[in-house]
Amino acid sequence: MERLQSKKVIEDVEDTVSWTETKSGKFSIKSLYVALEAGGSYLFPLSFIWNVLNMQPKISFFAWEATWGKALTLDMVQKRRWALANRCFMCLEKEENINHLFFHCSRTRALWDLLFALFGVSWVLPSSVRETLLSWNGFFLGKNRKKAWRAAPLHISWTVWKERNRLAFKDESLSFQKLKHSFILTFWAEAKLFIDDCPLTIANFIDWLGSK
Ligand SMILES: [Zn+2]
């Protein structure tokens, strides 16, 4: 009974409230994001993050957080007035922020280089998570390889974030070979879930990524 009453209230609200940020007056999450930014000129890779087929929700959610600059990298912890040194756990050289961790860090950069080598493409990475996802369409690839290409940035960011947390909280050292293996294995395991005729061995998967 309570549920029926709640449903009725929601319907009444929908009948009487008009969302001014869309022409139809209907609310959408995308229009909310646009409205949150002054001038409405903000571009957010919303559909990219949530529409990558069969992506685990925790990976999509992390990408969403990272794109909004909400992931708790050391610079964000410092902004919360915690007094601690800021040094990237991956390279131990530069200060950590989200764009360093995912694009400029020498360790992460090698994962991107590996990805481009697997697909046989040359690519200049934009400098931020948001710009990268907005420009990441894979139009130059066939249908199935395009699906794998579109899933790749989320896998790289998730692999790097897991490794970063392992180094930060378990006081262990980085094994670069393990990091590369971990990325390729999870990339292949996920690809098998949403790509028709995905190769069933890791060696064939690597050959297939580079095929024309
Ligand atoms: Zn680094």
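As a convention, each chain's residues are numbered from 1 in the sequence order in which they are written. Only residues with pLDDT of at least 70 are given local features in this predicted model, and only at 80 or more are side-chain atom pairs given and counted; all residues enter the totals for whole chains, interfaces and linings. Hydrogens and water are ignored here; the side-chain numbers use all heavy atoms of the structure.

The protein chain has the name Reverse transcriptase zinc-binding domain-containing protein in an unreviewed UniProt entry, where Vitis vinifera is given as its organism.

## Focus: the coordination of the zinc ion
Coordination here is defined by N, O and S atoms within 2.8 Å of the metal (3.2 Å for Na, K and Ca), and since water is not considered, a site can look incomplete. Taken together, Cys88 (SG), Cys91 (SG), His100 (NE2) and Cys105 (SG) make up the full set of protein donors to the zinc ion, lying 2.1 to 2.4 Å away. With four donor atoms in place around the zinc ion and angles of 103 to 113° between them, the coordination shape is tetrahedral. Read in sequence order, the donor residues for the zinc ion give the motif C-x2-C-x8-H-x4-C. One end of the pair, Cys88, is in the loop between helix 5 (74-79) and helix 6 (98-104); the other, Cys105, is in the loop between helix 6 and helix 7 (106-119), and 17 residues separate them in sequence. By the criteria applied here, four donors are tetrahedral when all angles lie between 85 and 135 degrees, four are square planar and six octahedral when opposite donors are over 155 degrees apart and every other angle lies between 65 and 115, and any other arrangement is irregular. Numbering of helices and strands runs from the N terminus; a helix is a DSSP stretch of H or I covering at least four residues, while a strand is a stretch of E covering at least two.

## Structural notes on the environment of His104
In this structure, His104 sits in helix 6. Relative accessibility under 20% of the residue-type maximum defines a buried residue, over 50% an exposed one, and the middle range a partly exposed one, all with a 1.4 Å probe and only protein chains included. Relative accessible area serves as the criterion here: at 44%, His104 is assigned to the partly exposed category. Put simply, His104 and Ser127 are 23 residues apart on the chain and 7.9 Å apart in space, counted from C-alpha to C-alpha. Residue contacts are defined here by distance: any two heavy atoms, one from each residue, within 4.5 Å place the two residues in contact. Setting aside anything within four residues of it in sequence, one finds His104 in contact with Asn99, Arg109 and Ser127.

## Let's talk about the side chain of Thr73
The topology assignment puts Thr73 in the loop between helix 4 (57-67) and helix 5. At a separation of 2.6 Å, a polar atom in the side chain of Thr73 contacts the side chain of Asp75. Apart from residues lying up to four places away in sequence, Thr73 is in contact with Glu96, Asn97, Ile98, Leu101, Trp161 and Arg164. Pairs of N or O atoms within 3.5 Å make up the polar contacts considered here, provided that, within protein, one atom can donate a hydrogen while the other can accept it, and that residues adjacent in sequence are counted only when both atoms are side-chain atoms.

## Here we look at the side chain of Glu163
Relative to the helices and strands, Glu163 resides in helix 9 (residues 143-170). Note on Glu163: relative accessible area 11%, which makes it buried. The residues contacting Glu163, other than those within four sequence positions of it, are Met90, Leu174, Ser175 and Leu179.

## A word on helix 9
Here the expected length of a helix is defined as 1.5 Å per residue gap, with one fewer gap than residues. The end-to-end C-alpha distance of helix 9, which contains 28 residues, comes to 41 Å, matching closely the 40 Å that a straight helix rising 1.5 Å per residue would cover. Considering bend angle alone, the principal kink of helix 9 is centred on Ala152 and spans about 35°; proline Pro153 follows within four residues of it. After helix 9 finishes, the residue Asp171 shows a positive phi value of roughly 55°. In this scheme, the bend at a residue equals the angle between the axes fitted to the seven residues that finish there and the seven that begin there.

## Some points on the nonpolar core
To define a nonpolar core, start from buried Ala, Val, Leu, Ile, Met, Phe, Trp, Tyr and Cys residues and group those joined through side-chain atoms within 4.5 Å. In terms of nonpolar packing, the biggest core is built from 48 residues, with Phe102, Leu115, Phe119 and Phe187 touching the most fellow members. Counting residues per element, the ones that place at least two in this core are helix 4, helix 6, helix 7, helix 8 (129-135), helix 9, helix 10 (176-194) and helix 11 (202-209). Per element, the largest residue contribution to this core is 10 residues, and it comes from helix 9. Discounting residues that sit within four places of it in the chain, Phe187 has contacts with Leu115, Phe119, Ala148, Ala152, His155, Phe205 and Leu209.

## A look at the packing of aromatic side chains
In this analysis, rings of Phe, Tyr and Trp, with Trp reduced to its six-membered ring, are considered paired at centre separations within 6.5 Å, and the interplanar angle assigns stacked below 30 degrees, edge-to-face beyond 60, and tilted for intermediate values. Under the defined criterion, the tally for this structure stands at 10 aromatic pairs. An angle of 20° between the planes, with centres 5.7 Å apart, marks the rings of Phe103 and Trp112 as stacked. Overall, the relative accessible area of 2% leaves Trp112 in the buried class. Each member of the aromatic cluster is reached from another via a ring pair, and the members are Phe103, Trp112, Phe116, Phe119 and Trp149. Whether a charge sits over a ring depends on NZ of Lys or CZ of Arg being within 6 Å of the ring centre and within 35 degrees of the ring normal. Geometry around Phe176 places Arg107 over its ring, the cationic atom sitting 5.4 Å from the centre. When the ring centre of Trp188 is taken as origin, the NZ or CZ atom of Lys192, which lies over that ring, is 3.9 Å away.

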